Amino acid sequence: MDCDRMAKLLPDYWQGALRGHDAEFVAAHLQVCTACHELVALGERLAELPPEQPSPALRERFHAMLDAYEEGRGEASHFLPGVSGGWPWGRNWMWTRPSVAIGAAAVLLLAVGFMAGRYLSDGQAAHAQQEMAGMQSELTNMRQLMVLSMLQQDSASQRIQGVNWSRRQPKADPMILGALLHTLRYDSSVDVRLAALDALSRYGNQTQVRQGLTEALESQQSPLVQVELIDLLVAWRDGSALDQLHRIERDKNVDPAVRERARRAIDQLS
Amino acid sequence: MTRPVPDEELMMLVRGGAGDMLGVLFDRYQVPLFSFYSKLTGDRAASEDLVQEVFVRILKYRRSYRPGTAFRPWIYKIARNAHADQARRRRTEVEFKPEMAPSILENDRAAASQQEALLHRALLELPEAKREVLLLSRFQGLPYGEIAELTGCPPGAVKVRVHRALEELRDVFLRLGGGRATNGRVAGVNHGL
């Protein structure tokens, strides 16, 4: 009889939804009934099974599919300037279903014609463009939020992921650049700092970034990051870093390899 | 710390054409989905194909995602459909074969792994519908309401199914030699009370 009552209560017990008398009953019954106790233990063991990890190939396949989709989307938008919202049947679809590629192409052309008719012949191109601009702005904000959120995670791999996300920004965003520069200076992981530096290396034309890199050189402790920073400043032919390079070259506490690198950089920039 | 962006907001952007946002959803769901499929089918290669198929379908059907729809039940619905379609294509029920199960280790140190391997075997011997409801509720931790939505059963019926499936799992587990499932973990039964 008690086991029948348990059968009714256990599903809620699993999800922590039991309260009051019911919860007390289950606790007491489990102390005396081996069969129910065994069932509960098995259920708990099931919940504790470790998750299984897919192979790295899955991620590669996913990104190949996504790239194909993005590429297909870019191509489709050439047909209709100003409307870049993407098409439901991008190249990824053809890629996964090659046998119907011709049919898909026909559908795509029809869709383009339909959309062009809908947006352009009704004289609503401006409205469509306004809508798309709104979406683009929302997307930019979301990307920004994603990067900023990921750069603050506890796990270094997630922070590196955040750095990688920043590369998806189509153009320099001062807030993202600021976050990357902060990461370069203060992140506890050398790997994350190096990733941030690599991401920043695309922005040699930004004063904020050049200045930030010179400042980072001043406070940087890791020889690996110091060398990368010096190399980048040389590649940018940034003479404003000369004072800082001289200081490093003279500082006996700095790693000898870094001092040597600084000396060569001074020769190249002078 | 900045709050993580909710799945639903990301999906709305994917719906609007921002394919790269699907990358974040992939990062969040690839392991849970793969684990679900792997335990459901016992086949790692097929499970990876299925996870890929789920994300292809999300892109393909992204316009069908409606604002306000909870993302997790939605993606699991796609996952179940992808699996059902694959099973139809194969026209065979996944049948347990000993080589599918993880190998059982012999030494004492690996006793826990041995019990785990037996549990995997026992799971694979259950009928698929029972295996699925157990995985969704106990392993994936989906609330009964979400499972009800996915399977089209009332939540009360889902609870009964979960309980019966667990009883059957216990019987198979013991038959396979799993011994006492409790394994001296009596204190653990008070969790959640």
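From a predicted model like this one, the values you see are computed outputs, not experimental measurements.

### Considering the overall build of chain B
No. 1: Broken down by element type, chain B carries eight helices and zero strands.
No. 2: Shown N-terminal to C-terminal, the secondary structure of chain B runs as helices and strands in the order α-α-α-α-α-α-α-α.
No. 3: By sequence separation, contacts in chain B at least 24 residues apart represent 62% of the contacts at least 6 residues apart.

### A short note on the overall build of chain A
No. 1: Scanning chain A from N- to C-terminus turns up 14 helices and zero strands.
No. 2: Starting at the N terminus and ending at the C terminus, chain A contains elements arranged as α-α-α-α-α-α-α-α-α-α-α-α-α-α.
No. 3: Within the span of chain A, comprising 270 residues, buried residues form 30% of the whole.
No. 4: Counting only contacts in chain A whose residues sit at least 6 apart along the sequence, the fraction spanning at least 24 positions is 53%.

### Observations regarding the packing of helix H9 (residues 174–186) of chain A against helix H10 (residues 190–200) of chain A
All names here are of chain A.
No. 1: Two numbers describe how H9 lies on H10: the axes approach to 8 Å, and their chain directions differ by 145°. Considering how the two elements wind past one another, H9 and H10 form a crossing that is left-handed. From H9, Leu180, Leu181, Thr183 and Leu184 reach across to H10, where they touch Val192, Arg193, Ala196, Leu197, Ala199 and Leu200.
No. 2: Partitioned by chemical class, the residues of the contact of H9 with H10 number eight nonpolar, one polar and one charged.

### Comments concerning the environment of Leu148 of chain A
No. 1: The residue Leu148 of chain A is located in helix H7 (residues 125–151) in this model.
No. 2: Taking the C-alpha atoms as reference points, Leu148 of chain A and Ile176 of chain A, 28 residues apart in sequence, are found 7.2 Å from one another.

### A closer look at the confidence of the model for chain B
Residue and element names in this part refer to chain B.
No. 1: In the predicted model, chain B carries a mean pLDDT of 81, and the fraction of residues at 70 or more is 79%.
No. 2: Note that residues 102–106 has pLDDT below 50 and, in this model, seven contacts with residues that lie over four places away or in other chains.
No. 3: Long-range and interchain partners of residues 181–193, a stretch whose pLDDT sits below 50, account for 27 contacts in this model, where long-range means more than four residues apart.
No. 4: Of the two predicted TM-score estimates for the complex, the pTM is 0.59 and the ipTM is 0.79.

### Concerning the packing of helix H3 (residues 44–60) of chain B against helix H4 (residues 71–90) of chain B
Residues and elements named next belong to chain B.
No. 1: Here H3 crosses H4 at 120°, and the two axes come no closer than 9 Å. When the axes of H3 and H4 are compared, the pair comes out oblique. Relative to H4, the crossing made by H3 is right-handed. Across the interface between the two elements, Leu50, Glu53, Val54, Arg57 and Ile58 of H3 pack against Ile75, Ile78, Ala79, Ala82, His83 and Gln86 of H4.
No. 2: Its residues assigned to classes, the contact of H3 with H4 shows seven nonpolar, two polar and two charged.

### Some words on unusual backbone geometry
Residues and elements named next belong to chain A.
No. 1: A positive phi angle is found at Arg237, which is not glycine, with a value near 55°.
No. 2: Counting through the fold element by element, Arg237 comes out in the loop between helix H12 (223–235) and helix H13 (242–250).
No. 3: Here Arg237 falls in the exposed class, since 9 other C-beta atoms lie within 10 Å of it.

### Concerning the environment of Arg261 of chain A
Residue and element names in this part refer to chain A.
No. 1: With respect to the helices, strands and loops of the structure, Arg261 is situated in helix H14 (residues 256–269).
No. 2: For Arg261, a count of 23 C-beta atoms within 10 Å translates into the label buried.
No. 3: Sequence spacing of Arg261 and Asp231 is 30 residues, and the spatial spacing of their C-alpha atoms is 8.2 Å.
No. 4: Residues in contact with Arg261, not counting those within four places in the same chain, are Val227 and Ile230.

### Quick notes on helix H11 (residues 207–219) of chain A
Residue and element names in this part refer to chain A.
No. 1: Counted at 1.5 Å a residue, the expected span for H11 with its 13 residues is 18 Å, and the 19 Å between its end C-alpha atoms agrees.
No. 2: What H11 keeps buried is the set Val209, Gly212, Leu213, Ala216 and Leu217. End-on view of H11: buried residues confined to an arc of 145°, all on one side of the axis. Exposed residues on H11 whose side chains face more than 90 degrees from its buried face are Thr207 and Glu218.
No. 3: In this fold, the buried residues of H11 make contact with H9, H10, H12 and H13.

Parameters and conventions
Residues numbered from 1 in each chain as written. Chains lettered and ligands numbered in written order. Predicted model: local features only at pLDDT ≥ 70, side-chain atom pairs only at ≥ 80, totals over all residues. Helix = DSSP H or I, 4+ residues; strand = E, 2+ residues; numbered from the N terminus. Contact = placed C-beta atoms within 7 Å. Buried ≥ 20, exposed ≤ 12 C-beta atoms within 10 Å, placed from the backbone. Axes fitted to C-alpha atoms, helices over the stretch in contact; angles between N-to-C directions. Left-handed = near helix turned anticlockwise from the far one by under 90°. Nonpolar A, V, L, I, M, F, W, Y, C, P; charged D, E, K, R; others polar. pLDDT = per-residue confidence, 0-100. Parallel < 35°, antiparallel > 145°, perpendicular 65-115°, else oblique. Expected span 1.5 Å × (residues − 1). Arc of directions from axis to C-beta.

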